[in-house]
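Structural overview
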Amino acid sequence: TVSDLICSFVTLMKANRKTVDELIEKMQSNHDYPKEWIKRNTEILNTIMMPFFNAYERALANRGQIDFTDCILKATDFCANGTHHNYRYILVDEFQDISVDRYNLLQSLRTAFPLTKLFCVGDDWQSIYRFSGSDMSLFNDFEKYFGYTEKCKIETTYRFFNPLVNLSSKFIQQNPAQVKKNIHPYTNTKQTGLSFHSYSDYFEAEKDNVELNLIHSIFRTIPKEESILFLGRYSYDAKLLTDYVPDEFKSLDINLFNRKAKFMTVHSSKGLEADNIIVLNCNCGIHGFPSLIADDPILDLVLSNADAYENAEERRVFYVAITRAKKHTFVLYDKKHPSVFIEDFEPPVEEG
């Protein structure tokens, strides 16, 4: 929505410590930008973004409040002035999601003599938050920003097993820019399955409910004691299961065919797991996998550079989706309009 776009832009501009005037100067000094592009974005910056930002900052000031971005920026300034403890070590988890403002905070916490040591854990295969400011260059070029580094790959997984480990690893590493890893499960005595199920023509006699009928047939294969989590690329994918659409980052409890389950978006499920994952709507199209909803060009001024590889971030989103399962991932798609990602898995992939 327009309101989401404005809020995202203002938050990212603030996090990057940029002003509207600086962004306009940046556009006008870059001769690679088309004149119409510069004209359009300059007008948006002057007539929409600047008034909104100024009104927002006034509202915060009048209420005596700061937002989360202010917390990061003020903490950075506070620590940069030397008013903090001297830390020997700083541990950072989910480092693949680091943004410029958080990078600056980290650097402000480090003392020069002796230089504070960083211990960072991250997985570039699961970097899916560029829209909120994540900058993969800080991960991929770690030594450039932080100095001498020792790297240790964590290649053993304890949540899911083969064949999903091998299939998902091959899928994500089709992008040559992803860090090469040899992921393997801690044991070969357990299995995590991956199967693809098309609902086109699946129940010819009951075409009005093909998706639910397919889900019902999958439910019958899942033992009663095992957990089930539905994942959608967008929150409104939940409408297949219920009339209620949850907020983007909230889960929804569902009772379907006398079975308890949950629905979440893929982004909100990151870091979570369930025995069985059912990925909905793995189709081509605007709201499918990969999502074809393009960011407004104005966001290019405040976002990190996009991956050169086609659908790189969407590929990582799909990877996150299919690897939430401990026992089995079921991917549902329309046989007449399958996602391009379906083609990346060698047949046979479909189970009837």
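Please refer to the structure placed before this passage.
All values reported here derive from a predicted model rather than from experimental measurement. (Residues numbered from 1 in each chain as written. Predicted model: local features only at pLDDT ≥ 70, side-chain atom pairs only at ≥ 80, totals over all residues. Heavy atoms only, no water.)

1. Details of the side chain of Arg 324
- Considering the arrangement of structural elements, one finds Arg 324 in the loop between α11 (312-322) and β10 (325-333).
- Buried within the structure, Arg 324 lacks any salt-bridge partner; its nearest side chain of opposite charge belongs to Glu 273, at an N-O separation of 6.9 Å.
- One polar contact links the side chain of Arg 324 to the main-chain carbonyl oxygen of Leu 272, over a distance of 3.2 Å.
- Only 2.7 Å separates the side chain of Arg 324 from the backbone oxygen of Val 320, close enough to count as a polar contact. (Helix = DSSP H or I, 4+ residues; strand = E, 2+ residues; numbered from the N terminus. Buried < 20%, exposed > 50% of the residue type's maximum accessible area, 1.4 Å probe, protein only. Lys, Arg positive; Asp, Glu negative; His and termini not counted. Salt bridge = Lys/Arg side-chain N within 4 Å of Asp/Glu carboxyl O. Polar contact = N/O pair within 3.5 Å; in protein donor to acceptor, adjacent residues only side chain to side chain.)

2. What about the packing of aromatic side chains?
- Taken as a whole, this structure holds 21 aromatic pairs when the rule is applied.
- Between Phe 318 and Phe 345 the ring centres are 6.5 Å apart and the planes differ by 65 degrees, which places this aromatic pair in the edge-to-face class. Of the two residues, Phe 318 sits in helix α11 while Phe 345 sits in the segment after β10, which places them 27 residues apart along the sequence.
- Overall, the relative accessible area of 0% leaves Phe 318 in the buried class.
- Phe 345 sits in the buried class, given a relative accessible area of 6%.
- The cationic tip of Arg 233 hangs over the ring face of Tyr 234; the distance from NZ or CZ to the ring centre is 4.7 Å. (Phe/Tyr/Trp six-rings, centres within 6.5 Å; stacked < 30°, edge-to-face > 60°. Lys NZ or Arg CZ within 6 Å of the ring centre and 35° of its normal.)

3. Notes on the side chain of His 197
- With respect to the secondary-structure elements, His 197 resides in strand β5 (residues 193-198).
- Judged by relative accessible area, which is 4%, His 197 ranks as buried.

4. Some thoughts on the pairing of strand β7 (residues 252-256)
- Of the two faces of β7, the one lined by Leu 252, Ile 254 and Leu 256 is fully buried and the one lined by Asp 253 and Asn 255 carries no buried residue.
- The pairing of β7 with strand β8 (residues 259-265) spans five bridges and is classified as antiparallel. Within the sheet, the bridge partner assigned to Asp 253 lies in β8 and is Lys 262.
- Hairpin connection, β7 to β8: the antiparallel pair is bridged by two residues, and Phe 257 has positive phi, about 55 degrees. (Pairing = 2+ DSSP bridges.)

5. Brief notes about the sheet that holds β10
- Taken together, the six strands give an open sheet; going across it, the order is β5-β10-β9-β6-β8-β7, and neighbouring strands pair in mixed fashion. The open sheet has two edge strands with one neighbour each: β5 and β7. For this sheet the average axis-to-axis angle between neighbouring strands, irrespective of direction, equals 25 degrees.
- In terms of strand pairing, strand β6 (residues 228-232) meets strand β9 (residues 274-279) through four bridges, oriented parallel. Note that in β9 the partner of Leu 231 across the bridge is Val 279.
- Its contacts with the sheet put α11 on β5, β6, β9 and β10, and the angle it makes with β10 is roughly 125 degrees. (Axes fitted to C-alpha atoms, helices over the stretch in contact; angles between N-to-C directions. Contact = heavy atoms within 4.5 Å.)

6. Things to note about the nonpolar core
- The biggest cluster of nonpolar side chains holds 32 residues, and the ones touching the most others in it are Phe 196, Phe 289, Phe 318 and Val 331.
- Taken together, the elements giving at least two residues each to this core come down to α8 (164-172), β5, β6, β9, α11 and β10.
- Top contributing element to this core by residue count: α11, with six residues. (Core = buried A, V, L, I, M, F, W, Y, C linked by side-chain atoms within 4.5 Å.)

7. Description of the layout of surface pockets
- Its boundaries defined by the atoms lining it, the second largest pocket holds a volume of some 1500 Å³.
- Looking at the second largest pocket, it is lined by 42 residues, and the ones nearest its centre are Cys 120, Val 121, Gly 122, Cys 152 and Ile 154.
- For the lining of the second largest pocket, the elements supplying multiple residues, two or more each, are β2 (117-120), α6 (137-140), α7 (142-146) and β3 (156-157).
- Ranked by residues supplied to the lining of the second largest pocket, first place goes to β2 with four residues. (1 Å grid on protein atoms, 1.4 Å probe; cavity = no way out; pocket = protein on both sides within 12 Å on 5 of 7 lines; lining within 4 Å. Points joined across faces, edges and corners; volume = space filled by probe spheres on them.)

8. Considerations on helix α9 (residues 210-219)
- The element α9 is extensively covered by neighbouring structure, given that seven of its ten residues are classed as buried.
- Looking only at α9, the buried set comprises Val 210, Asn 213, Leu 214, Ile 215, Ser 217, Ile 218 and Phe 219.
- Next to the buried residues of α9 lie β5, β6, β7, β8, β9 and β10.

9. Considerations on the environment of Met 27
- Relative to the helices and strands, Met 27 resides in helix α2 (residues 20-29).
- Owing to a relative accessible area of 0%, Met 27 belongs among the buried residues under this scheme.
- Distance from Met 27 to Leu 138, taken between C-alpha atoms, is 24 Å for residues 111 residues apart in sequence.
- The contact partners of Met 27, leaving out residues within four places of it in the chain, are Tyr 33, Trp 37, Ile 38, Asn 41, Thr 42, Leu 45 and Leu 301.

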